[in-house]
Amino acid sequence: MDEIDIDARVAQERTVIDVTGTRDVAVVVRSGGGERIYLPPERFDEPVSASPYTSPYQGGSGIDGEESPYGGETGSTRGVIETGDGFRITHPEAATEFDVYRGDE
């Protein structure tokens, strides 16, 4: 299995989780408002670019109208945007727990 990296930042008003190295995972986030399942972006089975010349910093609009260095927003799951080497989840509350489920290879 290839290595993946999960980076989570939890603040009072939201949680941001970056998944890099794959798009073949689902994330379940639990917070005060309940539980939410985030699925990978559409076309998640397309390979993540391994080229050193491909950058996830393509520019574009972010969540809630914020400017974001990440491009490629998809409509597959609200709160999920595709990046050059994975995807980013923005959950609207502080997470108390989250689980990552990786697909079979």
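Residues numbered from 1 in each chain as written. Predicted model: local features only at pLDDT ≥ 70, side-chain atom pairs only at ≥ 80, totals over all residues. Heavy atoms only, no water.

**Here we look at the sheet that holds strand β1 (residues 5–10)**
Read across the sheet, four strands follow the order β1-β2-β8-β7 without closing on themselves; strand pairing throughout is antiparallel. Looking along the sheet, the strands with just one partner apiece sit at the ends: β1 and β7 (80–83). Between one strand and the next, the sheet's axes are offset by a mean angle of 15°, whatever the strand orientation. Two elements, strand β2 (residues 15–20) and strand β8 (residues 86–91), share six bridges in a ladder whose sense is antiparallel. If you follow Val 16 over to β8, its bridge partner there is Thr 90. (Pairing = 2+ DSSP bridges. Helix = DSSP H or I, 4+ residues; strand = E, 2+ residues; numbered from the N terminus. Axes fitted to C-alpha atoms, helices over the stretch in contact; angles between N-to-C directions.)

**Considering the environment of Glu 93**
Looking at where Glu 93 falls in the secondary structure, it is placed in the loop between β8 and β9 (95–102). With a relative accessible area of 30%, Glu 93 lands in the partly exposed category. In this structure, the C-alpha to C-alpha distance between Glu 93 and Arg 30, residues 63 residues apart in sequence, is 9.1 Å. Beyond its immediate stretch of four places on either side in the chain, Glu 93 contacts Glu 13, Arg 14, Thr 15, Ser 31, Gly 32, Gly 33 and Gly 34. (Buried < 20%, exposed > 50% of the residue type's maximum accessible area, 1.4 Å probe, protein only. Contact = heavy atoms within 4.5 Å.)

**Here we look at the side chain of Arg 88**
Residue placement: Arg 88 occurs in strand β8. A distance of 2.7 Å separates a polar atom in the side chain of Arg 88 from a polar atom in the side chain of Asp 18. (Polar contact = N/O pair within 3.5 Å; in protein donor to acceptor, adjacent residues only side chain to side chain.)

**Notes on the sheet that holds β9**
Strands in a sheet are paired, the pairing made by backbone hydrogen bonds, and the direction either parallel or antiparallel. Spatially, β4-β3-β9 is the arrangement adopted by the three strands of the open sheet, whose pairing is antiparallel. Because the sheet does not close on itself, it has two edges, and the strands there are β4 (34–38) and β9. Sheet twist, expressed as the mean angle between neighbouring strand axes with direction ignored, is 15°. With seven bridges joining them, strand β3 (residues 25–31) and β9 adopt antiparallel strand pairing.

None of the figures reported here should be taken as evidence of function without further support.
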